[in-house]
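# Examination of the molecular architecture
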Amino acid sequence: MNIYLKLIWAYIKIGVFGFGGGYAMLSLVEKSVVEPGWISEQMFTDIVAISQMTPGPIGINSATYIGYVAPGSVDAAYSGFLWGVLGSVLCTLAVTVPSFIMVLYASHFIRKHQESGAIKAIFSGLRPVVVGLIASAAIMLMNAANFNPNGVTWQLCASIAICVAAFCLAWFPIPYKGKKIKIHPIMIIILAGMTGFILYY
C-alpha cells in the first residue's frame with residue numbers, strides 16, 4: 001500500500017503547486033512520477049497523448065491514467081483491475097480536492113480585493129510564469145519517446161513532419177473560395193491518428 005500513499009502525496013503537491021493548468025503542470029507531473037520510476041518516460045508520453053485526446057482537463061485525465069497503471073508497474077501484486085481503479089480514484093481526488101478548496105477560497109478573496117494594487121501586481125508576475133511553464137512542457141515533450149521511440153530515422157522525419165503539419169493546420173487558416181477556413185482541432189487529431197496508422201502499423 002506504500003505506493004498508494006506516495007501517489008496521494010505526489011498528487012496533493014501537484015494539485016497545490018500546479019499553477020497554470022494541465023500543460024503548465026506537466027513538468028511537475030513528469031518529475032513526480034517518472035523520476036521515482038513509477039512509470040517509464042515512454043508510458044508518460046503515451047498517457048499525455050491519451051489525456052489530450054479524451055474529454056476533460058489534461059491534469060485530471062493524466063492523474064486518472066497514472067493512478068491506474070503506476071501501482072501495477074511498481075508491484076505486480078497491484079496489477080489487477082480493482083487495484084488500478086483504486087489508484088485512479090485516489091490520484092484523481094488528490095489532484096482535484098486541494099485545487100477545488102484553493103480556487104473556492106481564492107475566488108472569494110479576489111472578488112473581494114479585485115481592485116487591490118497588490119493583487120494586480122501578483123497576477124502581473126504570475127502570467128509570464130505560466131507562459132514559461134507551458135513552454136517548458138512543450139520542450140519537455142520534444143523527446144525521442146514522442147518523435148522516435150523505435151530509433152528509426154524515417155519515423156523521426158515522419159513524426160517531425162506530422163508535428164509541423166499539425167501546427168500549420170491549427171495556426172494558419174486555409175484559403176478556400178475567397179474565404180479563410182480554420183481546421184478544427186478534433187479534425188487534426190483524427191487526421192494525425194489516421195496518418196500514424198498508415199505509416200507505423
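Cut-offs used in this document
- Residues numbered from 1 in each chain as written.
- Predicted model: local features only at pLDDT ≥ 70, side-chain atom pairs only at ≥ 80, totals over all residues.
- Heavy atoms only, no water.
- 1 Å grid on protein atoms, 1.4 Å probe; cavity = no way out; pocket = protein on both sides within 12 Å on 5 of 7 lines; lining within 4 Å.
- Points joined across faces, edges and corners; volume = space filled by probe spheres on them.
- Helix = DSSP H or I, 4+ residues; strand = E, 2+ residues; numbered from the N terminus.
- Nonpolar A, V, L, I, M, F, W, Y, C, P; charged D, E, K, R; others polar.
- Patch = residues over 30% accessible without salt bridge, like charges linked within 9 Å, V, L, I, M, F, W, Y side chains within 5 Å.
- Areas by Shrake-Rupley, 256 points an atom, 1.4 Å probe, with all protein chains shown as cover.
- Salt bridge = Lys/Arg side-chain N within 4 Å of Asp/Glu carboxyl O.
- Buried < 20%, exposed > 50% of the residue type's maximum accessible area, 1.4 Å probe, protein only.
- Expected span 1.5 Å × (residues − 1).
- Arc of directions from axis to C-beta.
- Contact = heavy atoms within 4.5 Å.

For the rest of this paragraph, the subject is the layout of surface pockets. By rolling a water-sized probe across the atoms, one finds the places where empty space is left. Its volume calculated, the largest pocket comes out at about 1,600 Å³. Taken together, 33 residues make up the lining of the largest pocket; nearest its centre are A49, Q52, N146, I162 and A192. When residues of the lining of the largest pocket are traced back to their parent elements, those giving at least two are helix 3 (41–53), helix 6 (117–140), helix 7 (144–147), helix 8 (153–171) and helix 9 (185–200). Examining the composition of the lining of the largest pocket, we find that eight residues originate from one element, helix 9, more than from any other. Among the residues forming the lining of the largest pocket, the class breakdown is 23 nonpolar, nine polar and one charged.

As a further point, take a nonpolar patch on the surface. Together, V89, L93, V97, F100, I101 and L104 give the surface a local cluster of nonpolar side chains, amounting to about 580 Å² of exposed area. In this structure, V89 sits in helix 5 (residues 81–112). Classification of V89 as partly exposed rests on a relative accessible area of 42%.

The next point concerns unusual backbone geometry. In this structure, K177 is a non-glycine residue whose phi angle is positive, near 50°. Inspection of the secondary structure puts K177 in the loop between strand 1 (174–176) and strand 2 (179–181). For K177, a relative accessible area of 72% translates into the label exposed.

For helix 1 (residues 2–17), built from 16 residues, the straight-helix expectation of 22 Å at 1.5 Å per residue is met to within 8% by its first-to-last C-alpha distance of 23 Å. When helix 1 is considered as a whole, its buried residues turn out to be I3, Y4, L7, A10, Y11, I14 and G15. Buried residues of helix 1, seen end-on, are gathered within an arc of 135° and therefore sit on one face of the element. Exposed side chains of helix 1 directed beyond 90 degrees from the buried face belong to L5, W9 and F17.

On the secondary structure map, G67 appears in helix 4 (residues 58–74). Expressed as a C-alpha distance, the spacing of G67 and L86, which sit 19 residues apart in the sequence, is 7.8 Å. Not counting residues within four places of it along the chain, the set of residues in contact with G67 comprises G84, G87, S88 and C91.

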